[in-house]
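# Observations on the three-dimensional arrangement
For reference, the chains in residue letters:
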Amino acid sequence: MVLSLQHISRRIQPTTLFHQCCYFRTSLQAAAMSSARDTTHQSDIGKMKLENDGSFKRVPSAFRSWIHPKDSQFPAERDRYHLYVSYACPWATRTLITRKLKGLEDIIPVTVVSPHMGENGWPFASVDPFPGADTDPLYDSNYVRDLYFKADPNYGGRFTVPVLWDKKQNTVVNNESSEIIRMLNSAFNHILPPEKAAVDIYPQGLQKQIDEVNSWVYDTVNSETSTSIIVLSLTRVGKNLADGVYRAGFAGSQEAYEAAVYPLFESLDRLEKMLTGKDYLVGDRLTEADIRLFVTVVRFDPVYFSHFKCNLRDIRHGYPAINRWMKKLYWTNEAFRLSTNFQHIKVHYYWSQTKVNPTRVVPVGPIPDIEAL
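The notes below deal with the structure included here. (Residues numbered from 1 in each chain as written. Predicted model: local features only at pLDDT ≥ 70, side-chain atom pairs only at ≥ 80, totals over all residues. Heavy atoms only, no water.)

Between V161 and the following residue, P162, the backbone shows a cis peptide bond with an omega angle of 5 degrees. Within the fold, P162 resides in the loop between α5 (144–151) and β3 (163–166). For the bond running from I367 to P368, omega is -5 degrees, close enough to zero to count as cis. Within the fold, P368 resides in the segment after α15 (342–352). Of note in this structure, D79 is not a glycine but carries a positive phi near 60 degrees. Tracing the backbone through its elements, the reader meets D79 in the loop between α3 (40–43) and β1 (81–85). The phi angle at K309 is positive, at roughly 60 degrees, despite the residue not being glycine. As for its position among the elements, K309 is in the loop between α11 (288–307) and α12 (315–318). Judged by its relative accessible area of 40%, K309 is partly exposed. (Helix = DSSP H or I, 4+ residues; strand = E, 2+ residues; numbered from the N terminus. Buried < 20%, exposed > 50% of the residue type's maximum accessible area, 1.4 Å probe, protein only.)

Spelled out as structure tokens, the structure:
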């Protein structure tokens, strides 16, 4: 039976009808634009452009709003927000770990995409039913790009994860992982039980040191292709690590590759000294600096060592202190272990990044993916 708009309006309040009609119109516009436009330059890694010198530069995230406990636009509320992630993406994995540490599983539901990121970007299980991937429970989207066009039909950036979504306003709140984990760390404390509200990965007394470590770990170690961009002593080490593996792996010239790979290992050498005899990077407690470094280090031997040609040394044989630190986090804290899916990680990098691995052959090693503690 086809209902007329007049028939529907008798059963719906005018304000509600207005918002539903606006949402329906926006959804149709987004669907039409995403099907008509060539968006592969926004989603296909194979079409990613390098700088003139062959180096890789990350594009900043586009959605940068914040959730606050009493914010008028994005207030912290139970089951208002939804998190879209990939197990393969280190940036997205940061948010999974933080969500688990803070006990937010019943407050912010999560949806996992398939690791097969092709020309249309990250797919949901509806079009690629990879083990461990989910369908989109909100809109039955086929790809993450559909969410971006739903939020902004004229969106021109990359279709990255994580995506923190507002179900009331049908829009992206934020797609920058470094900001999302800080929101998760404090914005929902007023609705969490006391023991979870007390968990603080960005304590005030350590913030300067954490920012310094994050900065240099990002530049030279952590840089990730699927999501957003990641303080000066410690800062430079963090930056060198995070961004280093990607700048080495995506380098389009020998000069660009060597300019990335040597600073990467200098930063790993520095981290090895920092972690010798210690369980955490900053102070004597778990902080976001550990989370942000972990997601890169745990991918190093299975992916970065061979796929990105970061092969001066591996972690398990070349860096005993880093290796012990990583294994302890993984094996003794389920937030780290349950957020790490080595199948998704390896399949994504070796299958999706055809500029680096055109055959899409996925190596079977190393065995094991991570050593026992």
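Right, let's get into the pairing of β1. β1 sits mainly inside the fold: five of its five residues count as buried. Residues Y81, L83 and V85 line one face of β1 and the alternating positions H82 and Y84 line the opposite face, and both faces are buried. Across four bridges, β1 lies against β3 in antiparallel orientation. Looking at the pairing, L83 lines up with L164 of β3. Bridge analysis of β1 against strand β2 (residues 110–112) gives three bridges, and the strand direction is parallel. In the strand pairing of β2, Y84 is matched with T111. (Pairing = 2+ DSSP bridges.)

The buried fraction of α15 amounts to nine of the 11 residues, a majority that puts the element mostly inside the structure. Of the residues making up α15, those classed as buried are F342, H344, I345, K346, V347, H348, Y349, Y350 and S352. Near the N-terminus of α15, the side chain that reaches the backbone nitrogen of Q343, with its oxygen 3.1 Å away, is that of N341. (Polar contact = N/O pair within 3.5 Å; in protein donor to acceptor, adjacent residues only side chain to side chain.)

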